[in-house]
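# Survey of secondary and tertiary structure
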Amino acid sequence: MGDDVVQNAGKKARFMDGEEEEGRTERRRWEELEPDCLTNILSRVGMESLLLAVPFVCKSWYKTTLNPLCWLSLRFPDYVPCPLFIGNVDDDDDDDDDDDGMFIGNVDDDDGPRSFGPFYDKFIDQYGIDKSRFSITAFVKCVVNRGCGNVTLLDLPEFCTEEAVRYVSDECPRLKVIWFRDDLVMFKSSQIIPEVIAKWKLLESVYFGGSMVRILKQIERSCPENLSKHFMGLLALESPLCYNVLDRILVQIGTHCKYFTDLNIFHATLGEVEATTIANSLPNLQSLFMRNCRIERDSVVMLLRGCKHLVLFDAQNCEGFEEGDGEISELASHIDTFFCRSSQGYKLLALKMLRNVRKLFFMLGVLNRIDE
């Protein structure tokens, strides 16, 4: 249910007079809906409506938004503290997928973000917050607190901070599903995931990766000269390649999360180490979803041999193996839903991304630590 639906319902709540009409029974006011029923409805409308629309409909709806049951599933809207880079925009770029002006700033303007994304900018304006004092960490804490420790699904925003990740690990003990969109090796917040994920004993499903695609695409398009100060503060300054974060995360999940059944990975490399860990540490895995990943054939075989309870195996648009491999097909014959398709264009995409990663490392000052 979006804002339009909430606003239309709000109009009914304000303008229904409740008087008996000729030939009809008395109409009930929307604001007089049973609290439990209203809570059930509003728990499904999403964070944007709960913060920017529902509280302003009427007093009863505002009061209902304070019920922790409305905040069990938290999907944070897209957050991008712009500009991320300092430099010039390529005026010849005709790609309209992203707004370059939102990503590239001048050196003189590098005092802090001028935008945080449509939702956050609207939130700041509607609640009269000083933009220079807005903090995604404080926002995450405020929203998580509304769940009173009962949050079961959490989709963290991109460019999340280490402090925010530590906070949710303490305040969301009942978590079952979580999204970490930031790259697992580039961000400071990702480096602590192996440490905090063990706290979620009820965890069933996790989603990793995806955010670096947009960042690397922007580097290619705009050729920035440097990173903005606030973006630099989110990244790990030591060489990211010296840490196998994913493997350490998987070990902790296998050790502490006994109900875990669903692993989803985007834009990552799964080598022999990671495949071995998944096969040995997550033997009860039921769903393994990998998209735009680099995974060698031997690793695919290892996964299929080790994870005996899989009902879904999806490795589409990946690179490192051949489609139609006889052994792979035979090993997957018992899996209800099986997709294992290599991407012809993945290698070019991977090389392009690697080139842009090197540019990012250069701006971070760690290029000389990368093993050529």
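Fair warning: this is a prediction, and the values are worked out from it, not measured in the lab.

About the criteria used
Residues numbered from 1 in each chain as written. Predicted model: local features only at pLDDT ≥ 70, side-chain atom pairs only at ≥ 80, totals over all residues. Heavy atoms only, no water. pLDDT = per-residue confidence, 0-100. Helix = DSSP H or I, 4+ residues; strand = E, 2+ residues; numbered from the N terminus. Contact = heavy atoms within 4.5 Å. Buried < 20%, exposed > 50% of the residue type's maximum accessible area, 1.4 Å probe, protein only. Pairing = 2+ DSSP bridges. Right-handed = clockwise from strand over helix to strand, strands pointing away.

### A short note on the confidence of the model for the protein
Any region with low pLDDT has predicted coordinates that should not be read closely. For the protein, mean pLDDT is 79; residues scoring 70 or higher make up 71% of the total. Considering each helix and strand of the protein separately, the mean pLDDT is smallest for helix α1 (residues 3–15), with a value of 48, and largest for strand β4 (residues 153–155), with 96. Under a pLDDT of 50 for its full length, residues 11–24 has, in the predicted model, 15 contacts with residues more than four places off or in other chains. Here residues 91–102 is a poorly scored stretch, pLDDT under 50, and it has 19 contacts once near neighbours within four places are set aside; other chains count.

### Topic: the pairing of strand β12 (residues 312–318)
Across a regular strand the side chains alternate sides, sitting on one face of the sheet and then on the other. Among the seven residues that make up β12, five are buried, leaving the element largely enclosed by the rest of the structure. Here five bridges tie strand β10 (residues 287–291) to β12, and the two strands are oriented parallel to one another. The residue bridging Ser 287 from the neighbouring strand is Leu 312, located in β12. For β12 and strand β13 (residues 337–342), the ladder comprises six bridges, and the chain directions are parallel. Note that in β13 the partner of Leu 312 across the bridge is Thr 337. You can see the chain leave β12, run along helix α16 (residues 326–331) and come back into β13, and the turn it takes is right-handed.

### Details of unusual backbone geometry
Trans is the common state for peptide bonds, and a negative phi is the common state for residues other than glycine. For Cys 148, which is not glycine, the phi dihedral falls at a positive 50°. Tracing the sequence through the fold places Cys 148 in the loop between α7 (136–145) and β4. With relative accessibility at 53%, the residue Cys 148 sits in the exposed group.

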